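Each chain, letter by letter, is given below.
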Amino acid sequence: MVHVLFVCLGNICRSPMAEAVFKHLVAKEKLEASIRVDSAATSGWHIGAPPHPGTIAKLKEYDISTEGISGRQLQKEDFEEFDYIVGMDENNIKDIRQMLGQPDHPKIIRFLDWTEHKKDVPDPYFTGDFQETYDLVLEGCDALLGKVKLDYKEQL
Ligand code: 4NP
């Protein structure tokens, strides 16, 4: 089993979007039994909350479910449990490293670094542009799933 965790600031916009899209791609490839997907926040602001209405609405347009997704905060144990801890932007990466006490571990990666963009995912909580975020999230999830399949090609 491979464990993938997406992390952003609030865990209501970008990381739950990535969780839902990645789960959708994993299901399309019939890998649900082999890849576990989750998301978390660096902040404690939206614990137990559903995704942002903008995230839910955008995913609905593409027939992607957000069922069962609710906000939680990153915790120390996540470092042991997950094989990929994927920050949506550079600030998330800094916070993840600090919270997990891991200044330089290769399993902590920035989401879009596996695409040609190699940049932060814009936060639609501030930009209001959920389409821009969705397009990047789809591209990032596709690239990351390709990486996971390569990294674990013996097991998957
Ligand atoms: P996210 O966006 O990190 O993509 O979930 C945000 C959600 C909430 C807040 C900031 C960013 N907030 O300030 O409550």
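For the structure itself, consult the block above.
Per chain, the residues get numbers from 1 upward, laid out in the order the sequence is written. pLDDT decides what is reported in this predicted model: residues at 70 or higher carry local features, side-chain atom pairs at 80 or more are listed and counted, and totals for whole chains, interfaces and linings draw on all residues regardless. No hydrogens and no water enter the side-chain calculation; it runs on all heavy atoms of the structure.

**Q** Tell me about the overall build of the protein, and name the residues and values.
**A** Working definition: helices are DSSP H or I runs of at least four residues, strands are E runs of at least two. Numbering for both runs from the N terminus. Scanning the protein from N- to C-terminus turns up six helices and four strands. For the protein, the sequential pattern of α-helices and β-strands runs β-α-β-α-α-β-α-β-α-α. In terms of C-alpha radius of gyration, the protein reaches 14 Å, essentially the compact-globule figure of 15 Å for 156 residues. Overall size of the protein, expressed as C-alpha extent along the three principal axes, is 40 × 35 × 30 Å. Of all 156 residues assigned to the protein, the portion counted as buried reaches 49%. Working definition of accessibility: Shrake-Rupley area with a 1.4 Å probe, residue cover restricted to the visible protein chains. Accessible area of the protein: about 7700 Å², with a carbon and sulfur share of 49%. Each charge class in the protein can be summarised by its mean position, and for the 18 positive and 27 negative side chains these summaries are 1 Å apart. Atoms counted for the radius of gyration: C-alpha only. Globule rule: 2.2 Å times residue count to the power 0.38. When a residue's accessible area, from a 1.4 Å probe over protein chains only, is under 20% of the maximum for its type it is buried; when over 50% it is exposed; and in between it is partly exposed. For the charge count, each Lys or Arg is scored as positive and each Asp or Glu as negative, with His and the chain ends excluded. Positions of charges follow a simple convention, taking NZ of Lys, CZ of Arg, CG of Asp or CD of Glu.

**Q** How would you summarise the site of the ligand if you had to cite specific residues and measurements?
**A** By nearness alone, every residue bordering the ligand is listed as Cys8, Leu9, Gly10, Asn11, Ile12, Cys13, Arg14, Trp45, His46, Asp123, Tyr125 and Phe126. In this structure, asparagine 11 approaches the ligand through a main-chain N or O atom, which is 3.2 Å from an oxygen atom. Contacts described as polar in this section are N or O atom pairs within 3.5 Å, which, within protein, must combine one atom able to donate a hydrogen with one able to accept it, while residues neighboring in sequence count only if both atoms come from side chains. At a separation of 3.1 Å, an oxygen atom of the ligand approaches a polar backbone atom of isoleucine 12. Considered on its own, the ligand offers 360 Å² of accessible surface; in the complex 92% of this is hidden by protein. For the shell around the ligand, the per-class residue count stands at seven nonpolar, three polar and two charged. Near residues are defined by distance, with any heavy atom within 4 Å of the molecule or strand qualifying the residue. Polarity classes work like this: nonpolar for Ala, Val, Leu, Ile, Met, Phe, Trp, Tyr, Cys and Pro, charged for Asp, Glu, Lys and Arg, and polar for all others, with Gly in that last group.

**Q** Any details on the side chain of asparagine 92? Residues and values, ideally.
**A** With respect to the element layout, asparagine 92 can be found in helix α4 (residues 90-100). Other than its neighbours up to four places away in sequence, asparagine 92 contacts Val7, Cys8, Leu9, Arg14, Thr42 and Gly87. Contacts between residues were defined by any pair of non-hydrogen atoms, one from each residue, lying within 4.5 Å.

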